[in-house]
Amino acid sequence: MARSEWGSKIGFILAASGSAVGLGAIWKFPYVAGQNGGGAFLLVYLAITFSIGIAMLLAEMVIGRAAGLSAVGAFRTLAGPAWAWVGRMGLLCIFTIFSFYSVIGGWTLMYIGEALTGAALAKDTAYLGQHFTALIADPVNSIAYLMAFVGITAAIVVGGVQKGIESVSKVLMPLLFVLMLVLIARALTLPGAMEGVMWFVTPDWSKVNDSMFIDALGLACFSLSVGCGTMIAYGSYLGRDIQLGSAAVWVAALAVVACLLAGLMVLPAVFAFGMDPAAGPGLTFITMPAVFASMPGGQFFAVAFFCLLLVAALTSSISMLEPIVSFLIDEFDWSRKTAVIASLCAVILAAIPAALSFGIWSDAKLFNRTTFELMDYLASNLLLPLGGMASAICVGWVIWQRSSAEITQQGARAPWLPLFRLTSAVVAPALIAWVFVKGL
């Protein structure tokens, strides 16, 4: 059976950058930046993203298109049977991420309903915090909404590459950026908002430490969707007429812009209402309702925002489900529908413990982390960087001749090719290894 392809370059870029926006930008970036002091973290994150991050992104796109397979099959075909374990590690990583991320996706669905009824709108942030905690602690609510979110994702992915993922991304991504700009305009007009802007862009070098570098590396991998097989699967659907170098730059640039916009949307409001920017995963769900309650037409903007958050969540979740589905199709010759249904069931089962860690299992901890926190840490700060490093080493050393030919096929000019190899083969592995050693 012929492998599906993206219908256009813009379709691929929107789908690939969309995979980063929900996880890396609107939900995660503001609170991780908040936990790491703002401006200094922003600069470290940008430096990592536009150096080793973009190299790992391009490496995975090269592997995917060269093999025309998902991660496990691609590594096995190009580099030998032993390298298939890198693909399996990526598959475990993306499965783990999708499992805990579906809990956040469920929250977005829950808050659309809260916004429609006005229940989540209040100027009292203490009340909003209690309200949020009570909602996510309800096991029936949490599990029902995460199941609904995974179901919506599955319905999109079952449509395939062009009719499902690409067609939805072409609509959702532009809508996402428009809604973000509208909400930023409002957030910046709040009294005290500029204090948040200055905190976000002004480096405090005293905040720089080993933990910040680990978080910045993890977020860079997270926001580019590298290290878990997503970009290998997406790259496997790329046609020969698309230049990989320019596509990688566009994806990275859009992912970074989304993170910056998310910071400008959430953090000024945090300071305007005197909240703690290091409040954690619930920051967005507590801060933004206070903004809406203080503005004319607040309920309309609240509904728009949580619909925006759902859009962002879906652009990420479809990119998480696709590598799992692609693996099942490639390895076991399953139909797309069967692969989607099996993946849906497995993800829901794995997501339930993560959802319960905010309620009845909140005291069950390992290494002082709840199930949700442990899944997030293992995937984001360990498996993603290791997977990205392995892809870079594979391209820079093991399959370099095939990789360089893939990048320059059809006469594509790539004067930066020696720099890309140096970064993939030496700089990225060395820097990631150094960050890990410093973090031990």
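Our structure is the block above this text.
A brief look at the structure comes next. Sequence order as written defines the numbering, with residues in each chain counted from 1. Given that the model is predicted, a residue must reach a pLDDT of at least 70 before its local features are reported, and side-chain atom pairs must reach 80 or more before they are shown or counted; all residues, however, enter totals for whole chains, interfaces and linings. Heavy atoms from the whole structure form the basis of all side-chain values; hydrogens and water molecules are not counted.

A tally of helices and strands in the protein yields 17 helices and 0 strands. The C-alpha radius of gyration computed for the protein amounts to 21 Å, which stays within 12% of the reference 22 Å derived for 440 residues, consistent with globular compactness. If one aligns the C-alpha atoms of the protein with their principal axes, the spans along those axes are about 60 × 50 × 40 Å. For the protein, buried positions account for 60% of its 440 residues. Just so you have it, the protein exposes about 15900 Å², and 67% of that area is on carbon and sulfur atoms. Segments assigned H or I by DSSP are reported as helices when at least four residues long, segments assigned E as strands when at least two residues long, and all are numbered from the N terminus. We compute the radius of gyration over the C-alpha atoms and compare it with the globule rule, which gives 2.2 Å times the number of residues raised to the power 0.38. Between buried and exposed lies partly exposed: a residue is buried under 20% and exposed over 50% of the maximum accessible area for its type, with that area taken using a 1.4 Å probe on protein chains only. The Shrake-Rupley method, run with a 1.4 Å probe, gives the accessible areas here. Residue values count only the displayed protein chains as cover.

Here the focus is the pattern of salt bridges. By definition here, a salt bridge exists when the distance from a side-chain nitrogen of Lys or Arg to a carboxyl oxygen of Asp or Glu is within 4 Å. All chains considered together, the criterion is met by 5 salt bridges. For Glu406, the salt bridge goes to Arg65, with nearest N and O atoms at 2.8 Å. Of the two residues, Glu406 sits in helix α16 (residues 400–408) while Arg65 sits in helix α2 (residues 39–67), which places them 341 residues apart along the sequence. One exposure class covers both Glu406 and Arg65, and it is buried.

Quick look at the packing of helix α5 (residues 125–137) against helix α12 (residues 283–293) now. To get an axis, a line is fitted to the C-alpha atoms, and for a helix only the part in contact is used. The angle between two axes follows their N-to-C directions and goes from 0 to 180 degrees. Running from N to C, α5 and α12 cross one another at 135°; their axes reach a closest spacing of 9 Å. Here α12 runs oblique to α5, going by the angle between their axes. Crossing handedness for the pair α5 and α12: right-handed. Of the residues in α12, those touching α5 at Thr125, Leu128, Gly129 and Phe132 are Phe285, Ile286, Pro289 and Ala290. In the contact of α5 with α12, the residues fall into 6 nonpolar, 2 polar and no charged. By definition in this entry, angles of less than 35 degrees are roughly parallel, angles greater than 145 are roughly antiparallel, angles of 65 to 115 are roughly perpendicular, and the rest are oblique. Each crossing gets its handedness from the near helix: less than a right angle anticlockwise from the far helix is left-handed, clockwise is right-handed. Contacts: residue pairs with any heavy atoms within 4.5 Å of one another. Three categories are distinguished: nonpolar for Ala, Val, Leu, Ile, Met, Phe, Trp, Tyr, Cys and Pro, charged for Asp, Glu, Lys and Arg, and polar for the others, with Gly belonging to the last.

We now examine unusual backbone geometry. In this model, Asp333 sits at a positive phi of 60°, which is unusual for a non-glycine residue. Within the element layout of this structure, Asp333 appears in the loop between α13 (298–332) and α14 (336–356). Phi is positive for Phe367, close to 55°, though the residue is something other than glycine. With respect to the secondary-structure elements, Phe367 resides in the loop between α14 and α15 (371–398). By relative accessible area, Phe367 is classed as exposed at 66%.

A patch consists of residues whose relative accessible area exceeds 30% and which take part in no salt bridge; residues with like charges are grouped when within 9 Å of each other, and nonpolar side chains (Val, Leu, Ile, Met, Phe, Trp, Tyr) when within 5 Å. Among the surface-exposed residues, Trp397, Val398, Trp416, Leu419, Leu422, Val426 and Val427 lie close enough to one another that they form a single nonpolar patch of about 640 Å² accessible area. Of all the secondary-structure elements, those providing two or more residues to the nonpolar patch are α15 and α17 (417–439). By residue number, the principal contributor to the nonpolar patch is α17, which donates 4 residues. Assignment of secondary structure puts Trp416 in the loop between α16 and α17. Residue Trp416 is classed as partly exposed on the basis of its relative accessible area of 31%.

Here the focus is helix α4 (residues 84–117). Expected span of a helix, by definition, is 1.5 Å for each gap between consecutive residues, and there is one gap fewer than residues. The terminal C-alpha atoms of α4, which comprises 34 residues, lie 50 Å apart, in line with the 50 Å expected from a rise of 1.5 Å per residue. Fitting axes to the seven residues ending at a residue and to the seven starting there, one defines the bend at that residue as the angle between these axes. Approximately 25° is the largest bend angle found in α4, and it occurs at Tyr101. Counted residue by residue, α4 has 26 buried out of 34 residues, so it is predominantly covered. Once α4 finishes, Gly118 follows within two positions and takes phi at roughly 85°, a positive value.

One broad rule of soluble globular proteins: the nonpolar side chains tend to lie buried together. The set of buried Ala, Val, Leu, Ile, Met, Phe, Trp, Tyr and Cys residues whose side-chain atoms join them within 4.5 Å is what this entry labels a nonpolar core. Ranked by size, the top nonpolar core spans 159 residues in total, and within it Ile26, Phe100 and Met265 carry the most contacts. At 19 residues, α13 tops the list of elements feeding residues into this core. Once residues lying within four places of it in the same chain are set aside, the contact partners of Phe100 are Trp27, Phe222, Ala354, Phe372, Met375, Asp376 and Ala379.

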